[in-house]
Amino acid sequence: MKDCLFCKIAGGEIKANCVYENDSVVAFRDINPQAPTHVLVIPRQHVATLNDLTAETGALVSEMFLAAKHIAAQDGIAQSGYRTVMNCNRDAGQSVFHIHLHVLGGRSMDWPPG
Ligand code: DGP
């Protein structure tokens, strides 16, 4: 999508600290990290919110989680633990409308989240 920040990152038009990519997804470090590891995994294909997933695009979510698993191993947090979060719309605090999986780790975290 023309005016989407994460489409521009996926396309290389805007630079990001990329840690993993394949044909389906791109993963890069969050610009405002909330933990020692804070990576965003996005699909190359534009999907605005979780509400917009369809039977056709649903497999992208599986790709995103497989990438999260790979990144956790790469950053050495697979065994200590990590959290994956996808915010959807206003109440969850979604600020970029191209689905992204937050991968957070490297410190212990509270539950429930704020
Ligand atoms: P959310 O609130 O769930 O929509 O998360 C959006 C995240 O995107 C937020 O943690 C900050 C991050 N972010 C926003 N703009 C950029 C950017 O230009 N580069 C990178 N690397 N991260 C960004």
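Structure: above.
The structure reproduced in this document is the subject of the present report. (Residues numbered from 1 in each chain as written. Predicted model: local features only at pLDDT ≥ 70, side-chain atom pairs only at ≥ 80, totals over all residues. Heavy atoms only, no water.)

Let's talk about the pattern of salt bridges
Taken as a whole and assessed by the stated rule, the structure comprises four salt bridges. A salt bridge links K2 to D3; the shortest N-O distance between them is 4.0 Å. You'll find K2 and D3 in the same group, each marked exposed. R90 is the salt-bridge partner of D91, the closest N and O atoms lying 3.5 Å from each other. (Salt bridge = Lys/Arg side-chain N within 4 Å of Asp/Glu carboxyl O. Buried < 20%, exposed > 50% of the residue type's maximum accessible area, 1.4 Å probe, protein only.)

Some remarks on the sheet that holds strand β4 (residues 82–85)
Pairing is antiparallel in the open sheet, where five strands are placed in the order β1-β2-β3-β5-β4. Every other strand in the sheet has two partners, leaving β1 (18–21) and β4 as the edge strands with one partner each. Averaged over all adjacent pairs, the angle separating strand axes in this sheet is 20°, with direction ignored. Where β4 lies against strand β5 (residues 101–105), four bridges are found, and the strand directions are antiparallel. (Pairing = 2+ DSSP bridges. Helix = DSSP H or I, 4+ residues; strand = E, 2+ residues; numbered from the N terminus. Axes fitted to C-alpha atoms, helices over the stretch in contact; angles between N-to-C directions.)

Observations concerning the nonpolar core
Among the nonpolar cores identified, the biggest contains 15 residues, and A27, V39, V41, M64, I71 and L101 are the most heavily contacted of them. For this core, the elements supplying multiple residues, two or more each, are β2 (25–29), β3 (37–43), α2 (59–74) and β5. No other element matches the five residues that α2 contributes to this core. In this structure V39 touches V19, A27, F28, R29, D30, I71, L101, H102 and V103, once residues within four positions along its chain are discounted. With 10 residues, the next largest nonpolar core counts C4, I9, A10 and F28 among its residues. (Core = buried A, V, L, I, M, F, W, Y, C linked by side-chain atoms within 4.5 Å. Contact = heavy atoms within 4.5 Å.)

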